[in-house]
Amino acid sequence: VREKKRILIVEDNTINKKILKRYLDVLGYDYLVAGNGLVALNMYKEKGDKIDVVLMDVEMPVMGGLESTIKIREWEKEKGINGIGIVALSGNAREEQIKSAKEVGMNDYVTKPYERGLLKAKILQWIKN
């Protein structure tokens, strides 16, 4: 049995990764880091049972967060497993982007720069118990 909940951080920006890692350390979470959506998809397929929630940047090179979420949801459906909580992270607060994120299966949306209390609330709301 794992003691700490584990979060998959999917973020290509080094500074944003550092900020998230530091904050998750403060909150007492374990984490894995993927630099793009393709790496995240493969990590989830391999270690999904060891991941409790995903913080997914929307815009990244190689594979963005929207495409990655679509592929994660397809894989979960194929395997007959419950969908993991995926919280979109974006510098874009436009309604259409938020709508797109939810349409592809993201559960929630947090705009950068992160307001720590809101990010913590979203993690607690969507984390596997």
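Structure first, text after, so check above.
Each value, and the rule that gives it
- Residues numbered from 1 in each chain as written.
- Predicted model: local features only at pLDDT ≥ 70, side-chain atom pairs only at ≥ 80, totals over all residues.
- Heavy atoms only, no water.
- Core = buried A, V, L, I, M, F, W, Y, C linked by side-chain atoms within 4.5 Å.
- Buried < 20%, exposed > 50% of the residue type's maximum accessible area, 1.4 Å probe, protein only.
- Helix = DSSP H or I, 4+ residues; strand = E, 2+ residues; numbered from the N terminus.
- Contact = heavy atoms within 4.5 Å.
- Salt bridge = Lys/Arg side-chain N within 4 Å of Asp/Glu carboxyl O.
- Pairing = 2+ DSSP bridges.
- Right-handed = clockwise from strand over helix to strand, strands pointing away.
- Axes fitted to C-alpha atoms, helices over the stretch in contact; angles between N-to-C directions.

Pulling in residues and values, what's your account of the nonpolar core?
Leu8, Val10, Ile51, Val54, Met56, Ile86 and Met106 are the most contacted members of the largest nonpolar core, which has 23 residues in total. Mapped onto this core, the elements with two or more residues apiece are strand E1 (6–10), strand E2 (30–34), helix H2 (37–47), strand E3 (53–57), helix H3 (65–79), strand E4 (86–90) and helix H4 (95–103). A per-element tally of this core places H2 first, with four residues. In contact with Met56, other than residues within four places in its own chain, are Val10, Gly65, Ser68, Thr69, Ile72, Ile86, Val87, Ala88, Leu89 and Met106. Counting 15 residues, the second-largest nonpolar core is a separate cluster that includes Ile7, Tyr23, Leu89 and Leu119.

Quick one: what's the story with the pattern of salt bridges, residue by residue and with numbers?
Inspection of the entire model under this criterion finds eight salt bridges. Across the pair Glu103 and Lys99 runs a salt bridge, and its minimum N-O distance is 3.5 Å. You can see Glu103 and its partner Lys99 sitting in helix H4, four residues apart, about one turn around the helix. Lys99 matches Glu103 in its accessibility class, with the two residues each being exposed. Among the charged side chains, a salt-bridge network with shared partners connects Glu11, Asp57 and Lys112.

Explain the pairing of strand E5 (residues 108–111) to me, using residue names and the numbers behind them.
Note that E4 and E5 share four bridges and pair parallel. In the strand pairing of E5, Ala88 is matched with Tyr109. Crossover handedness for the path E4 to H4 to E5: right-handed.

I'd like a rundown of the sheet that holds E3, residues and numbers included.
The strand order E2-E1-E3-E4-E5 describes an open sheet built from five strands, whose pairing is parallel. The open sheet has two free edges, formed respectively by E2 and E5, since each of these has just one partner strand. For this sheet the average axis-to-axis angle between neighbouring strands, irrespective of direction, equals 20°. Here E1 runs beside E2; their pairing, made up of five bridges, is parallel. Along E2, the bridge assignment pairs Leu8 with Leu32.

Account for the environment of Lys77, naming residues and giving values.
Summarising the element assignment, Lys77 is placed in helix H3. For Lys77 and Glu67, which are 10 residues apart along the polypeptide, the C-alpha to C-alpha distance reads 16 Å.

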